[in-house]
Amino acid sequence: MKRLKYIAISMLLILAFSCKKATKKEELQEYTKLEGIAFGTTFHITYDAQNDYTKQIDSVFHLINKSLSTYIPNSDISKINNGDTTVVIDHYFEEVFRKSERIFKETKGIFDPTIGTLVNAWNFGPKKVANVPDTETVKALLNLVGFDRVHLKNGKIAKENPLTYFDFNAIAKGYAVDIAGRFLESRNVENYLVEIGGEIRTRGLNPSKSSWKTGIEEPNFDGSRSIAKVVNLTNQSMATSGSYRKFQVDSLTGEKYVHIINPKTGYPTQSKILSVSIITELDCADADGYATALMAMPLEEAKGFLAGHGNLKGYLIYISEKGEIETFSSKNF
């Protein structure tokens, strides 16, 4: 992890009506910036304190991975997925489980972290396969899916089907953002931005004493990166889910399929939506989960969901009936 420091200089011009020469006032405040790699992606944390919290943030990320990473064989989630019923889950796992349960119910099952066996079957998980699943395999794997068939009892996870496989990747990155932010708050840091792989949580103001600014990416299929829209965030979280970057290609048919699996059908999502960005005063984990859920919905259903959830601001980029890229913003965006 790299630690950088920079000085934010805010210029206040005080103008007198008598047209006297303007005077200049400089306000100096030191911010610290941490950068590094975590959860298979980059992170950037900026906060208004001189303290170096590198070791503490690294420790927090380690604990979250130990609890929730399917890529670590001895993590709690890996043990549970492999049938260990003796695991007593920690508070990280419990909070993510509770949030997932709520979003599962609100989205009528479109958001479902018990979809892990299908994620693996379509080659988007830690377990790699040679070919994509056939119809009969998908049908069989769907029997293992259903967040209403897993339960938290006395600190342990009970699965109605022992082969059910958890995959919290659609919410865990946003949750890690929240935990890092909460750590800074516990150290009385009032102004910060935490970003991990594009998922963001902000509090207070940036070094220029204004809202934190971030960009929503254009859905470029050629791998290039450009900004579709700049947004201002103050005491808000933002998460974006897209289908235009992460995909697999069937080695036999050459067919491209995206990483978001529909838990109703068992197949990669077929949707006109290219990306969903959610801004909310809720946790970043919530924004992360809702963004993923809306990506798996038909366009009109996603619009309707936003209309019925005033605590979410949504920005959708999609392909129109004419084959053109268009955008939709919820009324409160």
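What counts, and where the lines are drawn
- Residues numbered from 1 in each chain as written.
- Predicted model: local features only at pLDDT ≥ 70, side-chain atom pairs only at ≥ 80, totals over all residues.
- Heavy atoms only, no water.
- Helix = DSSP H or I, 4+ residues; strand = E, 2+ residues; numbered from the N terminus.
- Buried < 20%, exposed > 50% of the residue type's maximum accessible area, 1.4 Å probe, protein only.
- Areas by Shrake-Rupley, 256 points an atom, 1.4 Å probe, with all protein chains shown as cover.
- Pairing = 2+ DSSP bridges.
- Phe/Tyr/Trp six-rings, centres within 6.5 Å; stacked < 30°, edge-to-face > 60°.
- Contact = heavy atoms within 4.5 Å.
- Axes fitted to C-alpha atoms, helices over the stretch in contact; angles between N-to-C directions.
- Left-handed = near helix turned anticlockwise from the far one by under 90°.
- Nonpolar A, V, L, I, M, F, W, Y, C, P; charged D, E, K, R; others polar.
- Parallel < 35°, antiparallel > 145°, perpendicular 65-115°, else oblique.
- pLDDT = per-residue confidence, 0-100.
- Salt bridge = Lys/Arg side-chain N within 4 Å of Asp/Glu carboxyl O.

Q: Got a minute to help me understand the overall build of the chain in this structure?
A: A count of helical and extended segments in the chain gives eight helices and 15 strands. Looking at the chain residue by residue over its 333 residues, the buried ones come to 49%. Summed over all atoms, the accessible surface of the chain reaches about 16400 Å², with 52% contributed by carbon and sulfur.

Q: What is the right way to look at the pairing of strand β13 (residues 273-280) in this model?
A: For β13, the buried fraction is high: eight of the eight residues fall into the buried class. As judged from the six bridges shared by strand β10 (residues 237-242) and β13, these two strands associate in the antiparallel manner. Bridging from a neighbouring strand, S241 pairs with V276 of β13. One ladder, built from seven bridges, connects β13 with strand β14 (residues 312-319); its direction is antiparallel.

Q: Explanation requested: the packing of aromatic side chains in the structure shown.
A: The relative placement of two aromatic rings is captured by the distance of their centres and the angle of their planes. Evaluation of the coordinates by the stated rule reveals 16 aromatic pairs. Ring plane angle 75° and centroid distance 5.3 Å describe the contact between F43 and F61, whose orientation is recorded as edge-to-face. Placement of F43 in strand β3 (residues 41-47) and of F61 in helix α1 (residues 54-68) is noted, with a sequence separation of 18 residues between them. Ring centres of Y92 and Y175 lie 6.3 Å apart, and the angle between their planes is 75°; this geometry places the pair in the edge-to-face category. Here the residue Y92 occupies a position in helix α3 (residues 91-106), and Y175 occupies one in helix α6 (residues 169-186), the gap between them amounting to 83 residues. Residue Y92 shares its accessibility class with Y175, and that shared class is buried. Three or more aromatic residues joined by ring pairs make a cluster, and in this case those are F93, F97, F104, F147, F166 and F168.

Q: Sorry, what's going on with the environment of N120 here?
A: Along the chain, N120 turns up in helix α4 (residues 116-121). Under the relative-accessibility criterion, N120 is labelled buried at 7%. On a C-alpha basis, the gap between N120 and P133 in space is 10.0 Å, while along the polypeptide they are 13 residues apart. Sequence-distant contacts of N120, defined by excluding residues within four places in its chain, comprise G125, P126, K127, V129 and Y165.

Q: Hey, could you run me through the packing of α1 against α3 in this one?
A: Between two packed helices, the angle of one axis relative to the other and the distance separating the axes together describe the packing. Remark: α1 packs on α3, axes separated minimally by 9 Å, with the N-to-C direction vectors making an angle of 65°. When you trace α1 past α3, the crossing you get is right-handed. In this structure, α1 contributes L63, I64, S67 and L68 to the contact, and α3 contributes Y92, F93 and V96. The residue makeup of the contact of α1 with α3, split by class, is six nonpolar, one polar and no charged.

Q: Explain the packing of α3 against α6 here, please?
A: The contact between α3 and α6 brings their axes to 11 Å, and the two run at 125°. When the interaxial angle is binned, α3 and α6 end up oblique. Here α3 runs over α6; the crossing is right-handed. Contacts between α3 and α6 pair H91, Y92, E95, V96, K99, S100 and I103 from the former with I171, Y175, I179 and R182 from the latter. For the contact of α3 with α6, a count of residues per class yields six nonpolar, two polar and three charged.

Q: Mind showing me how you'd approach the confidence of the model for the chain here?
A: Keep in mind that low pLDDT regions are not for reading the predicted coordinates in detail. Scored by pLDDT, the chain has a mean of 86; 85% of the residues are at 70 or more. Note on residues 5-28: pLDDT is under 50 here. Beyond four places in sequence and across chains, it has 35 contacts.

Q: Please clarify how unusual backbone geometry should be interpreted in this entry.
A: Trans peptide bonds make up most of the peptide bonds, and negative phi angles are found at most residues other than glycine. With a phi close to 55°, K108 is a non-glycine residue in the positive phi region. Along the chain, K108 turns up in the loop between α3 and α4. Look at N188: it is not a glycine, yet its phi comes out positive at around 65°. Looking at the element boundaries, N188 is found in the loop between α6 and β6 (192-196).

Q: Hey, could you run me through the pattern of salt bridges in this one?
A: Side chains bearing opposite charge may pair, as long as their charged atoms lie close to each other. Scanning all chains against the criterion turns up 15 salt bridges. E101 serves as the salt-bridge partner of R98, at 3.8 Å between the closest nitrogen and oxygen. Placement of both R98 and E101 in helix α3 is noted, with a separation of three residues, approximately one turn of the helix. One continuous salt-bridge network, built from bridges that share partners, spans E95, K99, R102, E106, D178, R182, E185, R201, R203, D283 and D286.

Q: Any chance you could explain the pairing of β14 here in plain terms?
A: Strand residues, when the strand is regular, have side chains that alternate between the two faces of the sheet. The element β14 is extensively covered by neighbouring structure, given that six of its eight residues are classed as buried. Connecting β14 to the next strand, strand β15 (residues 325-329), in antiparallel fashion are five residues, including G323 with a positive phi near 85°.

Q: Explain the environment of A228 to me, please; I cannot follow it from the model alone.
A: On the secondary structure map, A228 appears in strand β9 (residues 227-233). With 13 residues separating them in the primary sequence, A228 and G215 have C-alpha atoms 7.2 Å apart. Dropping the residues within four chain positions of it, A228 is found in contact with I216, E217, E218 and I317.

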